[in-house]
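Tertiary structure, described
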Amino acid sequence: MKRKRSLTSRRRFLGHSARALAWVLVAPAFVPASALGRGGLRAPSERINMGFIGLGGQGTGHLLGGAWTYVPGGYAARPDVQVLAVCDVRRERREQAQKRCNDIYAQKLGQTGYNGVRAYNDFREVLARSDLDAVLLALPYHWAAPMAILAMRAGKDVYCEKPVAITVREGAVLVETARRFGRIYQAGTQQRSEYSGRFRLVAELVRNGRIGRLKEVYAYRQPGAFYPTPWTSDASKPVPEGFDWDLWLGPLPWRPFNGEAGHALPGCFVGDVNWAPHHYDFIQWVVNADPTAPIEVSYDPPAAGQEAIIHYRYANGVVVHSSGYPGEPVGGEGGACFVGTEGRIAVERSNIVSYPDRILREPLRATDQRVYRADSHSGNFLECVRTRRPTICDPETAVYSMNAVLIGGIALILKRTLTWNPAKGEFVGDAEANRLLSYAPRPPWLI
């Protein structure tokens, strides 16, 4: 009870502080030029106020321009977005991002000394701001779901980079939170929207029977799951100045800093939770399976010099293999190979091939079924923030795809066949496997 009172008190304090500071923090944005829609910005009422939490390579790429934004200059360059907050547990990252953003707006507005972007160490202070509409999260793997959940509870719409969640139970809470609070959520599975529509084209060709009945899919990537090994080492190093190690760890079991703090601590994951979400999200889009039907997940031990292979057998008869299609070079860059009774298609970010080649030469007909279309992943998120329509990778879609990665990872851990019941969110008759659907987070990070 004491901890609960303490957390509530902190929330109240942050809420009061945010309201008291709101006018001061945003005042520089409401200068006459921007109020009139000049200076490279839209009028304030047409802008989405955003905060950016996690400012490593991917987060900074989104904020200021990079390979994942597909918009020159990133969100900070968009006339329909106003960046108000940047946050990272590393001081140098947040201070550099703050300076660059303030410089960008100073140039746009012709306002020397613009200081409307504030830098934070603690993300809770960002979420307490009442003037923010949305946040973009690019975080260590273990923070993705908890922070997205807390952000939506705080009334913010969320764009969250993979891996969406590291346990099935986290994903279930994320979906429930988005529904309960009516928030917009976009997972960072950009292949649904970008890359000249290659992935969307394959989804529509396969769904419309251009390769006959779909039989098999080759994913080119192992799935993965959270499986922390016991911490037995006493080795530690001084925490770098300006780095909040305790907040970086967050819900993970405590361990001293040992010099490693990238996307994930070594020894916490089996398989691949980094690239695999791109592959399996795209595959789920194409396979279009019944989201309530059981899935058999089987394990093939590794041959000499090879990885173990996971096979997913869906209720509609389609089998997905975690390996690549023999002899086919296309598919490893975020893609897959789809094999049907009358041909096959392989696609990745930079290539697409079909056998026979006429499959790609024949255009889709006006009567063919189409999938959700978006030509900009970030643009789709912002449009949905305004319209309140579901994004192209909404919480239900994102979590269903991520669960495919996680249940396959659990089969890798246990090295045996499992049966997954998505309607119940559990493995059938397997207590050992079900224990791996969640973990006990370190207080106070209970969601």
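Just so it is clear, the model here is predicted, and its values are computed rather than measured. (Residues numbered from 1 in each chain as written. Predicted model: local features only at pLDDT ≥ 70, side-chain atom pairs only at ≥ 80, totals over all residues. Heavy atoms only, no water.)

1. With respect to the overall build of the protein chain
What the protein chain contains, in helices and strands, is 14 helices and 17 strands. Each of the 447 residues in the protein chain was classed as buried or not, and the buried ones make up 54%. Considering only intrachain contacts with a sequence separation of at least 6, the fraction spanning at least 24 residues in the protein chain is 71%. About 19300 Å² of surface is accessible on the protein chain, with carbon and sulfur atoms providing 51% of the total. (Helix = DSSP H or I, 4+ residues; strand = E, 2+ residues; numbered from the N terminus. Buried < 20%, exposed > 50% of the residue type's maximum accessible area, 1.4 Å probe, protein only. Contact = heavy atoms within 4.5 Å. Areas by Shrake-Rupley, 256 points an atom, 1.4 Å probe, with all protein chains shown as cover.)

2. Quick look at the sheet that holds strand β10 (residues 295–300)
Taken together, 9 strands build an open sheet; the order of strands is β15-β14-β13-β7-β12-β11-β10-β16-β17 and the sheet is mixed. Only two strands of the sheet have a single partner each, and these edge strands are β15 (352–355) and β17 (426–427). The pairing of strand β14 (residues 343–347) with β15 spans 4 bridges and is classified as antiparallel. Pairing of V347 across the sheet is with I352, part of β15. Its contacts with the sheet place helix α8 (residues 198–207) against β7 (214–218), β13 (336–340), β14 and β15, and it is angled at close to 160 degrees to β14. Running over the sheet, helix α13 (residues 395–414) touches β10, β11 (309–313), β16 (418–421) and β17 and is turned about 130 degrees from β11. (Pairing = 2+ DSSP bridges. Axes fitted to C-alpha atoms, helices over the stretch in contact; angles between N-to-C directions.)

3. Section: helix α10 (residues 276–287)
An ideal rise of 1.5 Å per residue puts 16 Å on 12 residues; α10 measures up with 16 Å between its terminal C-alpha atoms. Of all the positions in α10, only A276, P277, H278, H279, Y280, D281, F282, I283, Q284, W285, V286 and V287 are classed as buried. Immediately beyond the C-terminal end of α10, within one or two residues, lies N288, with a positive phi of roughly 55 degrees. (Expected span 1.5 Å × (residues − 1).)

4. Quick notes on the packing of α8 against α10
Packed helix pairs are characterised by how far apart their axes lie and by the angle those axes make with each other. The contact between α8 and α10 brings their axes to 8 Å, and the two run at 30 degrees. For the crossing formed where α8 meets α10, the hand is right-handed. Between α8 and α10, the residues in contact are F199, R200, V202, A203, V206 and R207 and F282, W285 and V286, respectively. Classifying every residue of the contact of α8 with α10 by side-chain character gives 7 nonpolar, no polar and 2 charged. (Left-handed = near helix turned anticlockwise from the far one by under 90°. Nonpolar A, V, L, I, M, F, W, Y, C, P; charged D, E, K, R; others polar.)

5. Here's the deal with the pairing of β10
Where β10 lies against β16, 3 bridges are found, and the strand directions are antiparallel. Note on β16: the bridge partner recorded for V297 is L418. The sheet contact formed by β10 and β11 spans 5 bridges and is antiparallel. The residue bridging D300 from the neighbouring strand is I309, located in β11.

6. Brief notes about the sheet that holds strand β5 (residues 157–160)
Strand order in the open sheet formed by 6 strands is β3-β2-β1-β4-β5-β6, with parallel pairing between adjacent strands. The open sheet has two free edges, formed respectively by β3 (118–120) and β6 (185–187), since each of these has just one partner strand. Taking the axes of each pair of neighbouring strands and ignoring which way they run, one obtains an average angle of 20 degrees across the sheet. Two strands pair when backbone bridges link them, and strand β1 (residues 48–53) and strand β2 (residues 81–87) are joined in this way by 6 bridges, in the parallel orientation. In the strand pairing of β2, G51 is matched with A85.

7. As for the pairing of β5
Burial along β5 is two-sided: D157 and Y159 facing one way and V158 and C160 facing the other are all buried. Note that strand β4 (residues 134–137) and β5 share 4 bridges and pair parallel. In the strand pairing of β5, V135 is matched with V158. Assessed by its sense of winding, the connection that carries the chain from β4 through helix α6 (residues 144–153) to β5 is right-handed. Relative to β6, β5 runs parallel, the two being bridged by 3 bridges. Bridging across to β6, V158 finds its partner in Y185. (Right-handed = clockwise from strand over helix to strand, strands pointing away.)

8. Examining the pattern of salt bridges
Taken as a whole and assessed by the stated rule, the structure comprises 21 salt bridges. Across the salt bridge formed by K99 and D103, the nearest N and O atoms sit 2.9 Å from each other. Taken together, the positions of K99 and D103, both in helix α4 (residues 91–109) and 4 residues apart, correspond to about one turn of that helix. Exposure remark for K99: the relative accessible area of 53% places this residue in the exposed category. The partner of D131 in a salt bridge is R129, with the nearest N and O atoms 2.7 Å apart. The buried category is assigned to R129, whose relative accessible area is 2%. (Salt bridge = Lys/Arg side-chain N within 4 Å of Asp/Glu carboxyl O.)

9. Section: the side chain of D157
Looking at where D157 falls in the secondary structure, it is placed in strand β5. Within the structure, the side chain of D157 is placed 3.1 Å from the side chain of R183, a separation counted as a polar contact. Within the structure, the side chain of D157 is placed 2.6 Å from the side chain of R388, a separation counted as a polar contact. Apart from the residues lying within four places of it in its own chain, the contact partners of D157 are D133, A134, V135, R183, I184, F381, V385 and R388. (Polar contact = N/O pair within 3.5 Å; in protein donor to acceptor, adjacent residues only side chain to side chain.)

10. Some details on the nonpolar core
Side chains of nonpolar character tend, in soluble globular proteins, to be buried together. With 100 residues, the main nonpolar core has I53, Y185 and F338 as its most contacted residues. Sort the elements by how many residues they give to this core and α13 lands first, with 12 residues. Setting aside anything within four residues of it in sequence, one finds F338 in contact with V202, V206, I211, L214, E216, V217, F282, I283, V286, G343, R344 and I345. (Core = buried A, V, L, I, M, F, W, Y, C linked by side-chain atoms within 4.5 Å.)

11. Overview of the side chain of R47
The residue R47 is located in the loop between α2 (32–35) and β1 in this model. An unpaired buried charge is present at R47: no salt bridge exists, and E46, the closest side chain of opposite charge, is 7.6 Å distant. A polar contact is formed between the side chain of R47 and the side chain of Q82, at a distance of 2.7 Å. (Lys, Arg positive; Asp, Glu negative; His and termini not counted.)

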